[in-house]
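Listed below are the residues making up each chain.
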Amino acid sequence: YTILSKVHSDRNVYPSAGVLFVHVLEREYFKGEFPPYPKPGEISNDPITFNTNLMGYPDRPGWLRYIQRTPYSDGVLYGSPTIENVGKPTIIEITAYNRRTFETARHNLIINIMSAEDFPLPYQAEFFIRNMNVEEMLASEVLGDFLGAVKNVWQPERLNAINITSALDRGGRVPLPINDMKEGVYVMVGADVPFSSCLREVENPQNQLRCSQEMEPLITCDKKFRTQFHIDWCKISLVDNTKQVSTFQEVIRGEGILPDGGEYKPPSDTLKSRDYYSDFLITLAVPSAIALVLFLILAYIMCCRREGVEKRNMQTPDIQLVHHSAIQKSTKELRDMSKNREIAWPLSTLPVFHPVTGEIVPPLHTDNYDNTSMPLMQTQQNLPHQTRIPQQQTAGQY
């Protein structure tokens, strides 16, 4: 395929700082730049994706986000411009890719950020809507319905949508693909009047307790949102900028040049020698002396202060020593007697004649043999002089 690139004319937009900016990249706008299908009369529905970046940079500005669910849906640029970019045009390069023909079309979006009146709005509330995705909430009619419901509850003179953020960008989890579950979206709005009593209900102790127990709080104005928007009132955030004390301190920037400290003066080559004898005494000699004294004390206690057997016998009554000596003497005599005893083997366990030759079998052991460890009864396997008697063969084997 031959990849072609076509450039559209630039498009200028004028968003306000601190107000939600939404720009839709329509696929129909780029379809005319790509060749249609070969068959006449067939509707062109090529998959088209978009790539957006700040001119001269690989990514978009920090305040600008982009989303496109599928190649068959429109892309959306959205975000809240900052006051620092007021008066500075931001050029966004938009490149459309036709996934069927591999052609590209490009045009520039020039964002001219204007300063908004009474910016920023002092009272800001952030709602978490559970039954919406970010691209659904960015639709003008859906966002208009939500702002209408908030205005009906809040009753402000000026109400603006400040920012919209997907729950996935706040650390939320991707929902399961069942029952048409949504990822959720955070919507921040600002107004010029204090919060209404309905919005303040979430701050009372009863509702705070229900939120800590993962229960729905009781909000009187929830029914005005429930028909279309399911709001998690436990995650609502109310910010009153009129009560916040600014901790910003102006940074005084210098010229970036260090003050002149004169010429460099290296140390002199003729340095005085230093005596390290006192340091040696403090670091080595003193700890060694203390360790030697402790060793001598321990040696005296272990070697020269032993109680020993004599002191133990002196503290033991004589009658107890006599009993102990008698027990030891009796135990020794019993052991000597057990070694010298001679017990004859039972006649039932000793063979008298050889089963084959008929000769008398000699005794199994001599007279001075130590038989204290021999078992009283011996099995046939223990007899060393036993001879196996040949088994009788059957008549069929002759």
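Residues numbered from 1 in each chain as written. Predicted model: local features only at pLDDT ≥ 70, side-chain atom pairs only at ≥ 80, totals over all residues. Heavy atoms only, no water.

### Concerning the UniProt feature "transmembrane region" (unreviewed entry) in the protein chain
Mapped onto this numbering, the UniProt entry annotates "transmembrane region" (unreviewed entry) at residues 280–303. In residues 280–303, helix accounts for 100% and strand for 0%; the two terminal C-alpha atoms are 33 Å from one another. (UniProt positions renumbered as here; feature names shortened; annotations may be inferred. Helix = DSSP H or I, 4+ residues; strand = E, 2+ residues; numbered from the N terminus.)

### Considerations on unusual backbone geometry
Look at Phe102: it is not a glycine, yet its phi comes out positive at around 65°. For Phe102, the position within the fold is in the loop between β7 (90–98) and β8 (104–111). For Gln155, which is not a glycine, the phi torsion comes out positive at approximately 60°. Topologically, Gln155 is positioned in the loop between α3 (140–154) and β10 (159–166). Relative accessible area serves as the criterion here: at 55%, Gln155 is assigned to the exposed category. (Buried < 20%, exposed > 50% of the residue type's maximum accessible area, 1.4 Å probe, protein only.)

### With respect to the side chain of Asp222
Looking at the element boundaries, Asp222 is found in the loop between α5 (205–212) and α6 (223–226). Among the residues examined, Asp222 registers a relative accessible area of 12% and is labelled buried. One polar contact links Asp222 to Trp233, side chain to side chain, over a distance of 2.7 Å. (Polar contact = N/O pair within 3.5 Å; in protein donor to acceptor, adjacent residues only side chain to side chain.)

### Side note on the side chain of Glu183
Summarising the element assignment, Glu183 is placed in the loop between β10 and β11 (185–191). Within polar-contact distance, the side chain of Glu183 engages the side chain of Arg69 at 3.0 Å. Apart from the residues lying within four places of it in its own chain, the contact partners of Glu183 are Arg69, Met132, Asn133, Val134, Ser166, Ala167, Leu168 and Pro175. (Contact = heavy atoms within 4.5 Å.)

### Observations concerning the nonpolar core
Among the nonpolar cores identified, the biggest contains 39 residues, and Phe127, Met137, Phe146, Trp154, Val189 and Trp233 are the most heavily contacted of them. For this core, the secondary structure elements donating two or more residues are β6 (75–79), β9 (123–129), α2 (134–137), α3, β10, β11 and α4 (197–200). Ranked by the residues each element gives to this core, the list is headed by α3, at 8 residues. Composition of this core by domain shows at least three residues from each of domain 1 (6–113) and domain 2 (123–240). Dropping the residues within four chain positions of it, Trp154 is found in contact with Tyr123, Ala125, Leu159, Val189, Ala191, Val193, Pro194, Phe195, Ser196 and Leu199. Core analysis: the next-biggest nonpolar cluster, separate from the first, contains 19 residues, Val13, Phe30, Ala105 and Leu109 among them. (Core = buried A, V, L, I, M, F, W, Y, C linked by side-chain atoms within 4.5 Å. Domains from an automatic or database assignment.)

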